[in-house]
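# Working through the structure, step by step
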Amino acid sequence: MSELVKHKMFIGGEWVEPSSGEYLESFNPFTGKPWALIPRGKAEDAKRAVAAAKQAFTSGPWPKMNATQRGALLRKLGDLIAANAERLAQLEVRDNGKLIAEMLAQLRYIPQWYYYFGGLADKIQGSVIPSDKPDMFNYTRYEPIGPCVLITAWNSPLLLLAYKLGPCLAAGNTAILKPSEFTSASSLEFAKLVHEAGFPPGVFNVATGLGAEIGEALVTHPDVVKVAFTGGSVTGSHVYQTAAKDLKRVTLELGGKSPNIVFEDAVIDDAVKGAVSGIFAATGQTCVAGSRLLLHEKIYEPFMDKLLALAKTARMGDPSSMETQVGPVTTRPQYEKVLRYIDIGKDGGATCVLGGHAAQRQECGEGWFVEPTIFTDVKNSMRIAQEEVFGPVLSVIKFKDDEEAIEIGNDVVFGLAAGVWTQNVRRAIKVTERLQAGTVWVNTYRAVSFMSPFGGYKRSGLGRENGQDAIKEYLQVKSVWISTAADVPNPFVMR
Ligand code: TXE
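Our subject in this report is the structure included herewith. (Residues numbered from 1 in each chain as written. Predicted model: local features only at pLDDT ≥ 70, side-chain atom pairs only at ≥ 80, totals over all residues. Heavy atoms only, no water.)

The subject of this paragraph is the sheet that holds strand E6 (residues 128–129). Strand order in the open sheet formed by three strands is E6-E7-E21, and the pairing between neighbours is antiparallel. In this open sheet, the two strands that pair with only one neighbour each are E6 and strand E21 (475–483). Inspection of the sheet shows strand E7 (residues 136–144) paired to E21 by nine bridges, in the antiparallel sense. Paired with Phe-137 across the bridge in E21 is Ile-482. (Pairing = 2+ DSSP bridges. Helix = DSSP H or I, 4+ residues; strand = E, 2+ residues; numbered from the N terminus.)

The following block contains the structure:
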């Protein structure tokens, strides 16, 4: 145990031990071995973190700062992330098994969230309402809401955090981050940068531990006003119901079963790359994974030949090598879940045409690797087509016309994303209008930006992250009425 890196939590501007004195092991998915110890915070620590966030929200320098000053701090944080991008990327590779190539790009991009929301901080304007009442002046102002709990998943910890923390702090709130117990190290390292940027103590806190322990304690704490959550749909629904008891605000970014639809007039080579990027990039562990590939029957065979040829070349192995294309699954339970779903696919009658088992390649060592897997003969009613696997497992479904493609595309409980591959503009517009998804990509896949709204239709979530409106999720509007009348009219009649 002694060689494991032992972390502390960041609460009220200080590095603290968990009150329980207990720690959780954090594993390197490439070696399958623990490398760090993460504090196992419990209810006591949740109380401490919320108290710190509440104090920072109500007193001290933070509530006195104007929006321009808050924006400047956020931009400084962006600069510090940029300066530390490589170090944070390497840490994520070790703790999470993410590819270094993807992490370098992601960490170099994340500062943009802090620049964007830093810039937006002082551009949130209320309005003067043209009053229908005589001698009355009415205007609105947007105000922060209070301490917010930000719960992130393990797949892209610092990116998911940026979606939440940028608007949360730009709006003038304070935050308690509860990262996934599987991948907390980068969030704790990130806290050092928040401190270095000069945010007052208690404005940003990191409380680590298990979801059912410290996560639950944070969501139920009466002083928390909002929960912003990214994770699985079962947990998301539980968090929503728990938070509802105190009428807390909730935004949820849950999973998906996104259709990636290829029409017969698509540029096949591009669409093949899009299919691969939709499901095998990030080892399929993305909420927007294009896990259902819908192929027009006319192009089915040539498309599959090319797809299999490309998927077979995917280089697996050490995620810290720039050459690697498919890394390990991030957590042991997720690795087991993916393998279980492969069995569910086989038992359900789908045909496994690629992979279908744990990787036994030498370059994968003891890591939690699953071979890129493709199922054909999939019916959309099968579990493999309906449920989120969150791994490198693709279900291929044939369709005969646009109507059927749309029907199959929408026939899941989720609605996070969709891909459309066609050269016909009219078809692209018609189909994107009818797909029930928060994001639709045409002739591309997996593009996200700080400036474009992101979130789910149906059971993929509530509310939106990114883009100008995201900040409204962290603000409340106040309507102020000022009478300019010389006297007070009849008090028994509503004005
Ligand atoms: O997620 P959880 P898990 C999906 C994916 C995956 C499944 C399970 O299908 O297989 O979810 O992954 C915290 N109160 N996604 O178990 O449980 C938890 O500690 C408060 C899709 O990792 O949803 C973690 O910080 N918090 C998803 C966070 O919730 C609680 C990304 C997410 O954990 C809590 C990841 C509680 N009672 C998984 N219980 C996406 N949208 O992309 C847990 N948590």
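As enumerated under the stated definition, the model contains 26 salt bridges in all. Here Glu-86 makes a salt bridge to Arg-108, at a shortest N to O gap of 3.7 Å. Pair noted here: Glu-86 is in helix H4 (residues 85–96) and Arg-108 is in helix H5 (residues 100–109), with a separation of 22 residues, a long-range link. Relative accessible area serves as the criterion here: at 51%, Arg-108 is assigned to the exposed category. The partner of Glu-102 in a salt bridge is Arg-446, with the nearest N and O atoms 2.7 Å apart. In this pair, Glu-102 is assigned in helix H5 and Arg-446 in the loop between strand E19 (439–442) and strand E20 (461–462), connecting sequence segments 344 residues apart. Of the residues examined, Glu-102 reaches a relative accessible area of 18% and is grouped as buried. Since its relative accessible area comes to 27%, Arg-446 is described here as partly exposed. In the salt-bridge network here, residues are joined through shared partners; they are Glu-22, Arg-40, Lys-42 and Glu-213. (Salt bridge = Lys/Arg side-chain N within 4 Å of Asp/Glu carboxyl O. Buried < 20%, exposed > 50% of the residue type's maximum accessible area, 1.4 Å probe, protein only.)

Attention now moves to empty space enclosed by the protein. Applying the stated criterion across every chain yields a total of six cavities of 30 Å³ or more. Put simply, the largest cavity is a space of about 60 Å³. If you go around the largest cavity, you meet 16 residues; those closest to its centre are Pro-259, Phe-414, Gly-415, Ala-417 and Gln-436. For the lining of the largest cavity, the secondary-structure elements that each account for two or more residues are helix H15 (402–410) and strand E18 (417–421). (1 Å grid on protein atoms, 1.4 Å probe; cavity = no way out; pocket = protein on both sides within 12 Å on 5 of 7 lines; lining within 4 Å. Points joined across faces, edges and corners; volume = space filled by probe spheres on them.)

With that out of the way, let us pick up the layout of surface pockets. As a volume, the largest pocket reaches approximately 940 Å³. For the largest pocket, the lining is made up of 39 residues, of which Trp-154, Gly-231, Gly-232, Ser-233 and Thr-235 are closest to its centre. When contributions to the lining of the largest pocket are tallied by element, the ones reaching two or more residues are helix H9 (211–220), strand E11 (226–230), helix H10 (233–244) and helix H13 (332–347). Among the elements that make up the lining of the largest pocket, the one with the highest residue count is H10 (six residues). Class assignment of the residues belonging to the lining of the largest pocket gives a composition of 16 nonpolar, 16 polar and seven charged. Viewed by domain, the lining of the largest pocket spans two of them, domain 1 (5–254 + 460–479) and domain 2 (259–442), each represented by three or more residues. (Nonpolar A, V, L, I, M, F, W, Y, C, P; charged D, E, K, R; others polar. Domains from an automatic or database assignment.)

One open sheet accounts for seven strands, arranged E15-E16-E17-E14-E13-E18-E19; its pairing is mixed. The open sheet has two free edges, formed respectively by strand E15 (351–354) and E19, since each of these has just one partner strand. Taken pair by pair, the neighbouring strands of this sheet meet at an average axis angle of 25 degrees, ignoring direction. Taken together, the three bridges between strand E13 (residues 259–262) and E18 define a ladder with parallel strand orientation. Each residue of the ladder has a partner; that of Val-262, found in E18, is Trp-421. (Axes fitted to C-alpha atoms, helices over the stretch in contact; angles between N-to-C directions.)

What follows covers the packing of aromatic side chains. Counted according to the given criterion, the structure contains 17 aromatic pairs. Relative to Phe-450, the ring of Tyr-116 has its centre 5.3 Å away and its plane inclined at 55 degrees; by these criteria the two rings are tilted. You can see Tyr-116 sitting in helix H6 (residues 111–120) and its partner Phe-450 sitting in the loop between E19 and E20, a full 334 residues away along the chain. Across the pair, Phe-450 and Tyr-116 agree in class, each one buried. Centroid distance Phe-263 to Phe-399: 5.4 Å. Interplanar angle 70 degrees. Geometry classified as edge-to-face. Of this pair, Phe-263 sits in the loop between E13 and helix H11 (268–279) while Phe-399 is found in strand E17 (residues 393–399), placing the two residues 136 residues apart along the sequence. With a relative accessible area of 0%, Phe-263 lands in the buried category. Three or more aromatic residues link up through ring pairs in this structure, and these residues are Tyr-109, Trp-113, Tyr-116, Phe-117, Tyr-163, Phe-450 and Phe-454. In this structure, Lys-398 packs its charged tip against the face of Tyr-300, placed 4.6 Å from the ring centre. (Phe/Tyr/Trp six-rings, centres within 6.5 Å; stacked < 30°, edge-to-face > 60°. Lys NZ or Arg CZ within 6 Å of the ring centre and 35° of its normal.)

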